[in-house]
Amino acid sequence: MNTLFQFIAAALFLAAAFEGSNAQLSATFYATTCPNVSSVARSILEQAQQNDVRIGAKLIRLQFHDCFVNGCDGSLLLDNADGIETEKDEPQNASVDGYGVVDDIKTALENVCPGVVSCSDILAIAAQISISLDGGPTWEVQMGRRDSRTAHRAAVAAGIPSPFESFDNVRAKFTNVGLDSTDFVALSGAHTIGRAQCFTFTRRLYNFNNVSGNADPSLDPTYLETLRQACPENTGGDTLNNLDPTTPNGFDNNYFTNLQNNRGLLQSDQDLFSTSGSDTVAIVNRFANSQSDFFDSFGQSMINMGNISPLTGTNGEIRADCKRVN
């Protein structure tokens, strides 16, 4: 009997340990310590959106690039310092933006509840509010993350999906952090807003599979010509193009109908629909047929992404300045 009791106790301990990191995150984490956290952030984000229609896309990308490298710990926000090599200098993060708005939110929160709200939680809050301001869904942001005391520059290339990678490689990067096929497709749907530079997709226009003059056969011919005009061969590599040419600044499900019409801008987007036999095809069709289904799944997938290896409890710190450790 004593042995049975020990076995049950050990099993309960292991179950609690397995759930530990996620169980400490809560939608009401700041209910008593900083109850105005969301309203403070929203007021700044409303102003930011008036100044920059792309701020929502920038902020959701910030959280994505942070969480996919050693978890959601705010490490991407750190600048170079003694013993810290910033993640910002890696090629995958070269065009990531929105840091100034995060700093503005942090400054405002330090004024009303100093030393309370982490920078990693600000990333999660900013992503949710800015998406809702763009017409997208709302979801209950889980909070209680703490900030890393170091950056993880060496892990960036292995963690961040690239538009130049194969479908299987991109998918594996989602699987590696515990996200499934629905998360993969739903989070890719963030490309219903934002823009991409010509160099990220021009090989689809002119040298597909390294054949000169060859275009990606999965590209709609009319869309192909539009993109060739926007991105002439060997020029304009940094010219920005809308990821969703139909409603570029509104968060909706048109991204998925674009894929059905072979109008996905990045190859990593179009592959979700054009990869024969992939379970992602049915998910694209489901989201294209129901915006509410997409919105529900997107909110849950953002929560799932926000649960990737957070620092909680006494791990990490609450940075006073998101750009540097205390």
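Not measured: the values here are computed from a predicted model. (Residues numbered from 1 in each chain as written. Predicted model: local features only at pLDDT ≥ 70, side-chain atom pairs only at ≥ 80, totals over all residues. Heavy atoms only, no water.)

(A) Expanded view of the overall build of the protein chain. Of the regular secondary structure elements, the protein chain holds 13 helices and two strands. In terms of C-alpha radius of gyration, the protein chain reaches 21 Å, essentially the compact-globule figure of 20 Å for 326 residues. Among the 326 residues that make up the protein chain, the fraction classed as buried is 50%. Summarising the internal contacts of the protein chain: among those between residues at least 6 apart in sequence, 73% fall at separations of at least 24. Put simply, the protein chain shows about 14700 Å² of open surface, and 51% of that area lies on carbon and sulfur atoms. Across the protein chain, the 21 positively charged side chains and the 37 negatively charged ones have centroids separated by 2 Å. (Helix = DSSP H or I, 4+ residues; strand = E, 2+ residues; numbered from the N terminus. Rg over C-alpha atoms; globule rule 2.2 N^0.38 Å. Buried < 20%, exposed > 50% of the residue type's maximum accessible area, 1.4 Å probe, protein only. Contact = heavy atoms within 4.5 Å. Areas by Shrake-Rupley, 256 points an atom, 1.4 Å probe, with all protein chains shown as cover. Lys, Arg positive; Asp, Glu negative; His and termini not counted. Charge placed at Lys NZ, Arg CZ, Asp CG, Glu CD.)

(B) Spatial organisation of the UniProt feature "binding site: Ca(2+) 1" (unreviewed entry) in the protein chain. As recorded in UniProt, the sites labelled "binding site: Ca(2+) 1" (unreviewed entry) are D66, V69, G71, D73, S75 and E87. In three dimensions, the annotated residues from a span of 22 residues occupy one location, with a maximal C-alpha spread of 13.3 Å. Along the chain, the position of V69 falls in the loop between α3 (55–67) and α4 (99–112). Leaving out residues up to four positions away in the same chain, V69 has contacts with S75, E87, H152, A155, V156 and I160. In this structure, D73 sits in the loop between α3 and α4. Beyond its immediate stretch of four places on either side in the chain, D73 contacts D66, S120, R146, D147, S148, H152, L311 and R319. (UniProt positions renumbered as here; feature names shortened; annotations may be inferred.)

(C) The arrangement of the packing of α3 against helix α13 (residues 291–306) in detail. As a packed pair, α3 and α13 sit with axes 10 Å apart at the nearest point and diverge in direction by 40°. Here α13 runs oblique to α3, going by the angle between their axes. Contacts between α3 and α13 involve I60, Q63, F64 and C67 from the first element and F298, M302, M305 and G306 from the second. (Axes fitted to C-alpha atoms, helices over the stretch in contact; angles between N-to-C directions. Parallel < 35°, antiparallel > 145°, perpendicular 65-115°, else oblique.)

(D) Representation of α3 within the structure. Spanning 13 residues, α3 covers 19 Å between terminal C-alpha atoms, matching the ideal 18 Å at 1.5 Å per step. Most of α3 is tucked away: 12 of the 13 residues are buried. Those residues of α3 lying buried are I55, G56, A57, K58, L59, I60, L62, Q63, F64, H65, D66 and C67. Of the surrounding elements, those touching the buried residues of α3 are α2 (37–51), α4, α5 (119–133), α7 (167–175) and α13. (Expected span 1.5 Å × (residues − 1).)

(E) Quick peek at the state of the cysteines. Tallied over the full model, the rule gives four disulfides. Across a sulfur-sulfur distance of 2.0 Å, C67 and C72 are joined as a disulfide pair. Judged by the sign of its S-S torsion, about 120°, the bond between C67 and C72 is right-handed. No difference in accessibility class separates C67 from C72, as the two residues are buried. Disulfide pairing places C198 opposite C231 at an S-S distance of 2.0 Å. An S-S torsion of about -70° defines the bridge between C198 and C231 as left-handed. With C198 in the loop between β1 (195–197) and α9 (221–230) and C231 in the loop between α9 and β2 (240–242), the pair connects residues that are 33 residues apart, well separated along the chain. (Disulfide = S-S within 2.5 Å.)

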